[in-house]
Amino acid sequence: MNIRPMTALATLCLLALAPHAQTADKPSDPQIAHIAYTAGVIDVENAKLAISKSGNKEVVSFAEDMVRDHEAVNTQALDLVKKLKVTPEDNDTSKALSKAADGERAKLAKLDGASFDKAYVDNEVAYHKQVNGALTTLLIPSASNAELKALLETGLKIFQGHQQHAEHVAATLK
């Protein structure tokens, strides 16, 4: 199994983010909050699928880490938007992420055994690379609120660790 489906998701995400990156328009804090939250929900849903389908201890352990960490960051994000009295704003990027992730999850759901494990972990490597890139180049620089920016920076550190962990797990599956 190759990572072409995830590459398509990454390309779609880049296309969704490109209008913001190429113009003076940058996402607002409510849009950034929604994008970040959506990305976390996507990873939790993928991880729950992996927990239910995989028989590989290392893959399941990794997926459990993804659920724990992404749910914790999303809880912090929800607490912050409540504190700031900000309503996250749905936007084209969030919608594109969700649509692409639904398609990828449907493809993963059809796989079993080692082919599922490899596709899931390859997906996680590519997804974390994409999210980390978006955090670094667009979301963090565009955030106006210092607390939101700090939460995104903390999330980036965690998600960079996730990418490294996913790369390690991927190397064991080859």
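Under an unreviewed UniProt entry, the protein has the name Membrane protein and belongs to Ensifer adhaerens.

A. Representation of the overall build of the protein within the structure. Secondary structure summary: the protein contains six helices and zero strands in total. Helices (α) and strands (β) of the protein occur, in sequence order from the N terminus, as α-α-α-α-α-α. Burial status across the protein gives 48% buried among its 174 residues. Surface exposure of the protein reaches about 8700 Å², of which carbon and sulfur atoms provide 57%.

B. Region of the structure containing the side chain of D43. Locating D43 in the fold gives a position in helix α2 (residues 29–53). Buried within the structure, D43 lacks any salt-bridge partner; its nearest side chain of opposite charge belongs to R105, at an N-O separation of 7.9 Å. Residue contacts for D43: discarding those within four places in its chain leaves M66, H70, E124, Y127 and H128.

C. Fine view of the packing of α2 against helix α5 (residues 113–142). At a closest axis distance of 11 Å, the pairing of α2 and α5 adopts a crossing angle of 170°. As far as their axial angle goes, α5 and α2 are roughly antiparallel. Across the interface between the two elements, D29, I32, I35, A39, I42, D43, N46, A47, L49, A50 and K53 of α2 pack against F116, Y120, N123, E124, Y127, H128, V131, L139 and S142 of α5.

Reading guide: rules and limits
- Residues numbered from 1 in each chain as written.
- Predicted model: local features only at pLDDT ≥ 70, side-chain atom pairs only at ≥ 80, totals over all residues.
- Heavy atoms only, no water.
- Helix = DSSP H or I, 4+ residues; strand = E, 2+ residues; numbered from the N terminus.
- Buried < 20%, exposed > 50% of the residue type's maximum accessible area, 1.4 Å probe, protein only.
- Areas by Shrake-Rupley, 256 points an atom, 1.4 Å probe, with all protein chains shown as cover.
- Lys, Arg positive; Asp, Glu negative; His and termini not counted.
- Salt bridge = Lys/Arg side-chain N within 4 Å of Asp/Glu carboxyl O.
- Contact = heavy atoms within 4.5 Å.
- Axes fitted to C-alpha atoms, helices over the stretch in contact; angles between N-to-C directions.
- Parallel < 35°, antiparallel > 145°, perpendicular 65-115°, else oblique.

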